[in-house]
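# Coordinate analysis (summary)
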Amino acid sequence: MEEKHRIGMEAAKLIEYNDSIIIASGTTIHAFSKCIKPKHRLMVVSAALPASIDLSQIDGIDVVQLGGNLRQSSLSVVGQYSESLLYDTSFSKLFLGVDGIDFDYGISTTDLNEALLNRQMIEAAQRTIVLADSSKFGRRGFAKICDMETVDTIITDSDLRAADRDRIEELGIELIIAEIGL
């Protein structure tokens, strides 16, 4: 949990004045939502019910909870209804939690419907930021979300292997390391 909290703290630093953001789902995304403390008005569209509840308690944050089918495992929504809200919208940033990062296969999750929603989120966002602890590298989830070239930034912990750091740099993806134990 410390890794997820530190990753969330680094991600929260990327929120800027007049941002409108999408947050996907997962335990790292929930940790991130607990770190958001904007000094200005912030629009958040969320697929994750726990994150929406946390954020609704903070003054200055306008939360739009996506609707759709509720996944029991993650308390997040998926499906056409949740995707439809994103068709005619534009967001400055997407904060995306994932189950796997494989340099050949791409970014993935364990749920096909979640992958479809995540793709629509990517289309609606100007910048895609992946939040993933180092254990997610070298793994493939069941459903592919996108190729690595679609990702703008990866935030992970300091246990990331040197070879993975080098590969991220080769791909031209911004890498932010959340130091653990500080």
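All of the points below concern the structure found in this document. Being a predicted model, the structure only gives us computed values, none of them experimental.

## What about the side chain of Lys93?
Inspection of the secondary structure puts Lys93 in strand β6 (residues 93–97). Among the polar contacts made by the side chain of Lys93, one reaches the main-chain carbonyl oxygen of Leu14 at a distance of 3.2 Å. Residues contacting Lys93, with those up to four places away along its chain left out, are Leu14, Glu16, Asp19, Ser20, Ile21, Ile22, Ala125, Arg127 and Ile129.

## Some remarks on the environment of Ala12
In this structure, Ala12 sits in helix α1 (residues 2–12). Each C-alpha atom of the pair Ala12 and Gly141 lies 26 Å from the other, and the pair is 129 residues apart in sequence.

## Observations regarding the sheet that holds strand β12 (residues 174–178)
The strand order across the open sheet built from seven strands is β3-β2-β1-β6-β9-β11-β12, with neighbouring strands paired in parallel fashion. Two strands lie at the open edges of the sheet, namely β3 (61–65) and β12, each paired on one side alone. The mean angle between the axes of side-by-side strands here comes to 20°, regardless of whether they run parallel or antiparallel. Bridging between β6 and strand β9 (residues 128–131) involves four bridges; their strand directions are parallel. By the bridge assignment, Phe95 is partnered in β9 with Ile129. α1 rests against β6, β9, β11 (153–157) and β12 of the sheet, and its axis sits at about 145° to β11.

## Describing the packing of aromatic side chains
Under the counting rule described, the total for this entry stands at two aromatic pairs. Aromatic pair Phe32 and Phe95: ring centres 4.5 Å apart, planes at 35°, arrangement tilted. Of this pair, Phe32 sits in helix α2 (residues 27–33) while Phe95 sits in strand β6; the two residues are 63 residues apart in sequence, bridging distant segments of the chain. With respect to class, Phe32 is no different from Phe95; both count as buried. Over the aromatic face of Tyr105 sits the side chain of Lys144, whose NZ or CZ is 5.7 Å from the ring centroid.

What counts, and where the lines are drawn
Residues numbered from 1 in each chain as written. Predicted model: local features only at pLDDT ≥ 70, side-chain atom pairs only at ≥ 80, totals over all residues. Heavy atoms only, no water. Helix = DSSP H or I, 4+ residues; strand = E, 2+ residues; numbered from the N terminus. Polar contact = N/O pair within 3.5 Å; in protein donor to acceptor, adjacent residues only side chain to side chain. Contact = heavy atoms within 4.5 Å. Pairing = 2+ DSSP bridges. Axes fitted to C-alpha atoms, helices over the stretch in contact; angles between N-to-C directions. Phe/Tyr/Trp six-rings, centres within 6.5 Å; stacked < 30°, edge-to-face > 60°. Buried < 20%, exposed > 50% of the residue type's maximum accessible area, 1.4 Å probe, protein only. Lys NZ or Arg CZ within 6 Å of the ring centre and 35° of its normal.

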